[in-house]
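Architecture at a glance
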Amino acid sequence: MASLKIDHHACLNPIGDAAKASSYKVTFLPLNMHPIVDFFGISIAKDSFLKKLEYIFAHLIFARLLFKNRQQDLIIVREFLTIPLALSWPLYFFFKKKLLFIVNHNLQKANASKLEGLVLKALLKFGMHPLFLDTEAGLKELKVELPNNQYLVLPLPIIKTHQRSMQDNKFTIGIIGDNRKEKKIADIAEIVDGICIINGMRLLIGSTDKSLLDTWHNKGAKTINTTDAENYVQAFCLSDVIVLNYDLASYYYRISGVICDAIAANTVIVCPDFPILKDQVTRLGCVGITFSELGHIAPILLYIKENYESFKVGFLSQQKSRSMQNITALIDSYIESTAR
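Residue positions are given per chain, counted from 1 along the sequence in the order it is written. Per-residue local features are limited, in this predicted model, to residues with pLDDT of at least 70; the limit for side-chain atom pairs, both in listing and counting, is 80 or more; totals at the level of whole chains, interfaces and linings are taken over all residues. Only hydrogens and water are set aside when side-chain values are computed; all heavy atoms of the structure are taken into account.

A look at the pattern of salt bridges
What counts as a salt bridge is simple: a side-chain nitrogen of Lys or Arg found within 4 Å of a carboxyl oxygen of Asp or Glu. By the definition in use, this model includes nine salt bridges. By sharing partners, the salt bridges in this structure join Glu136, Asp279 and Arg283 into a single network.

Structure, rendered in structure tokens:
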């Protein structure tokens, strides 16, 4: 029996809901990266040569689905891999003005690999239309300029906002998210715990990792198992601030879904000073502060504690910009710009 697969890009699906509300004919299509695995019920090693062939095959057969939707005004492709897309680009070329490809990990890889960077630039030169989440900052750092009607920037959507809990007056610093290597949760938890002890604050750890939760519960932190969706939301609502310490090699050109979840709960964000993360917490309204050194976190947290009310306007602005209605309006405006 095949195991259930976790959809790591599920946070992009509300863009499809916003597209359905468009006054134009817009389709939101996920590109199935695992057609062979799904059809035969087998497993293929992630970094194997056969897996690379499957990725290429996935992009080739996806063109057939695009052809079936050729009467649409716009087709939003939920994800893609740069090199497989380039190899299959002749099949996409004649639909290129109707296609928008959501850029997720692609810019990160393009800036880490010379080959990925060259291929992505070639795709853009040959008319690929990218859809950037929150900001096109990574594109600028690649030294690529595109006309305004060749790309679209959409805020990551917020479906529902949540009110912060006012259970007590203890200022709470949350560290929330999957305990993955690139998020460096264990490292930042130690630093924030020290800050909390010195300044009379409370540390909250929200994770699906039971071992991590047990460790910090024994150290006196408040812990929440975020496996359940309601508990995940509660972790943000109980936190005045969340602190992120993402790895540069993994997140320098990537947005954070956790940041969007914090914005929905009116929770201030402290995160690394990476181009896209910085835009994410400031461009649509100031809802956080970035740091370039770990030693800056303590004074930043103290500043936020003393000036918490100053972030209210930023949250209202961000939540309005990330609403489904605004995203639908941006999609409509883009379609009109490409028709001129």
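Structural notes on the environment of Cys271
Along the chain, Cys271 falls in strand β10 (residues 268–272). Looking at Cys271, the relative accessible area reads 0%, which means it is buried. Contact partners of Cys271, with chain neighbours within four places excluded, come to Leu244, Ile259, Leu277, Val281, Ile289, Thr290 and Phe291. What counts as a helix is a DSSP run of H or I of at least four residues, what counts as a strand is a run of E of at least two, and both are numbered from the N terminus. Relative accessibility thresholds used throughout: buried, under 20% of the residue-type maximum; exposed, over 50%; partly exposed, between the two (1.4 Å probe, protein chains only). In what follows, a contact means two residues having at least one pair of non-hydrogen atoms within 4.5 Å.

Structural notes on the sheet that holds strand β4 (residues 130–133)
A pair of strands is considered paired only if DSSP assigns at least 2 bridges between the two. The strand order β1-β2-β3-β4-β5 describes an open sheet built from five strands, whose pairing is parallel. Only two strands of the sheet have a single partner each, and these edge strands are β1 (26–29) and β5 (152–154). Averaged over all pairs of adjacent strands, the angle between strand axes in this sheet comes to 25 degrees, irrespective of strand direction. The axes are straight lines fitted to the C-alpha atoms, using for helices just the contacting stretch, and the angles between their N-to-C directions are given from 0 to 180°.

Considering a nonpolar patch on the surface
Together, Phe57, Leu60, Ile61 and Leu91 make up an exposed nonpolar region whose accessible area comes to about 320 Å². The element that contributes the greatest number of residues to the nonpolar patch is helix α3 (residues 49–68), accounting for three residues. With relative accessibility at 36%, the residue Leu60 sits in the partly exposed group. Note that patches include only residues with greater than 30% relative accessible area and no salt bridge, and the join distances are 9 Å for like charges and 5 Å for nonpolar side chains (Val, Leu, Ile, Met, Phe, Trp, Tyr). Exposure was quantified through the Shrake-Rupley algorithm and a 1.4 Å probe, taking into account, for residues, occlusion by the shown protein chains and nothing else.

Some points on the pairing of strand β3 (residues 99–103)
The element β3 is extensively covered by neighbouring structure, given that five of its five residues are classed as buried. The two faces of β3 match: Leu99, Phe101 and Val103 on one face and Leu100 and Ile102 on the other face are all buried. Sheet topology note: the strand β2 (residues 74–77)/β3 ladder contains three bridges and is parallel. What sits directly across from Ile75, in β3, is Leu99. The crossover handedness rule: strands pointing away from the viewer, path from first strand over the helix to second strand clockwise, crossover right-handed. For the crossover from β2 across helix α4 (residues 82–92) to β3, the handedness is right-handed. Here β3 runs beside β4; their pairing, made up of three bridges, is parallel. If you follow Ile102 over to β4, its bridge partner there is Leu131.

Digging into the packing of aromatic side chains
In this analysis, rings of Phe, Tyr and Trp, with Trp reduced to its six-membered ring, are considered paired at centre separations within 6.5 Å, and the interplanar angle assigns stacked below 30 degrees, edge-to-face beyond 60, and tilted for intermediate values. Counted under the stated rule, the structure contains 13 aromatic pairs. With centroids separated by 6.0 Å and ring planes inclined at 85 degrees, the aromatic side chains of Phe171 and Tyr308 adopt a geometry described as edge-to-face. Here Phe171, found in the loop between β5 and β6 (172–176), pairs with Tyr308, found in the loop between α14 (297–306) and α15 (312–321); they are 137 residues apart in sequence, far enough to count as distant. Considered together, Phe171 and Tyr308 belong to a single accessibility category, that of buried residues. Linked through ring pairs, Phe80, Trp89, Tyr92 and Phe101 together constitute an aromatic cluster. A ring is considered to have a charge above it if a Lys NZ or an Arg CZ atom is located within 6 Å of its centre and within 35 degrees of its normal. Note that Arg70 overlies the ring of Phe67, its terminal NZ or CZ placed 4.0 Å from the centroid.

Focus: empty space enclosed by the protein
Every definition here rests on a 1 Å grid over the protein atoms only: cavities are sets of points where a 1.4 Å probe fits but cannot get out, pockets are open sets enclosed by protein on both sides within 12 Å along at least five of seven lines, and lining residues have some atom within 4 Å of a point. Grid points are joined across faces, edges and corners, and a volume is the space filled by probe spheres set on the points. Counting across every chain of the model gives three cavities of 30 Å³ or more. Size it by volume and the largest cavity reaches roughly 80 Å³. Of the residues that constitute the lining of the largest cavity, the class distribution is seven nonpolar, two polar and one charged. Put simply, the second largest cavity is a space of about 50 Å³. The wall of the second largest cavity is formed by Ile175, Ile176, Lys183, Ile185, Ile188, Val243, Leu244, Asn245 and Tyr246. Lys, Arg, Asp and Glu make up the charged group, whereas Ala, Val, Leu, Ile, Met, Phe, Trp, Tyr, Cys and Pro make up the nonpolar group; the residues left over, Gly among them, are polar. Here the lining of the second largest cavity is built from residues that sort into seven nonpolar, one polar and one charged.

Description of the side chain of Ser22
By the secondary structure assignment, Ser22 is in the loop between α1 (13–20) and β1. The exposure class assigned to Ser22 is buried, which follows from its relative accessible area of 10%. There is a polar contact of 2.9 Å between the side chain of Ser22 and the backbone nitrogen of Tyr24. In this structure Ser22 touches Thr328, Asp332 and Ile335, once residues within four positions along its chain are discounted. Identification of polar contacts relies on pairs of N or O atoms within 3.5 Å, with a donor-acceptor requirement for protein atoms, meaning one able to donate a hydrogen and the other able to accept it, and with residues adjacent in sequence counted only if both atoms are side-chain atoms.

So, the pairing of strand β8 (residues 222–225)
The side chains of a regular strand alternate, residue by residue, between the two faces of the sheet. Sheet topology places strand β7 (residues 202–207) next to β8; four bridges connect them, and they run parallel. Following the sheet pairing, Ser207 is matched in β8 by Asn225. In this region the chain leaves β7, passes through helix α9 (residues 210–218) and returns to the parallel neighbour β8; the handedness of that crossover is right-handed.

Brief notes about the confidence of the model for the protein chain
When pLDDT is averaged along the protein chain, the result is 90; 96% of the residues meet or exceed 70. pLDDT is a per-residue confidence score from the predictor, ranging from 0 to 100. Across residues 1–8 the pLDDT falls below 50, and counting only partners more than four positions away or on other chains, this stretch makes three contacts in the model.

Describing α3
Over its 20 residues, α3 extends 30 Å from the first C-alpha to the last, a length consistent with the 28 Å expected when each residue adds 1.5 Å. Every buried residue belonging to α3 is among Lys51, Glu54, Tyr55, Ala58, His59, Phe62, Ala63 and Leu66, and all of these are buried. To estimate the expected span of a helix, count its residues, drop one, and scale the result by 1.5 Å.

Considerations on the side chain of Gln72
Of note, Gln72 is situated in the loop between α3 and β2. Separated by 3.5 Å, the side chain of Gln72 and the backbone nitrogen of Val26 make a polar contact. Within polar-contact distance, the side chain of Gln72 engages the side chain of Thr27 at 3.0 Å. Every residue in contact with Gln72, bar those within four places of it in the chain, is listed here: Lys25, Val26, Thr27 and Lys98.

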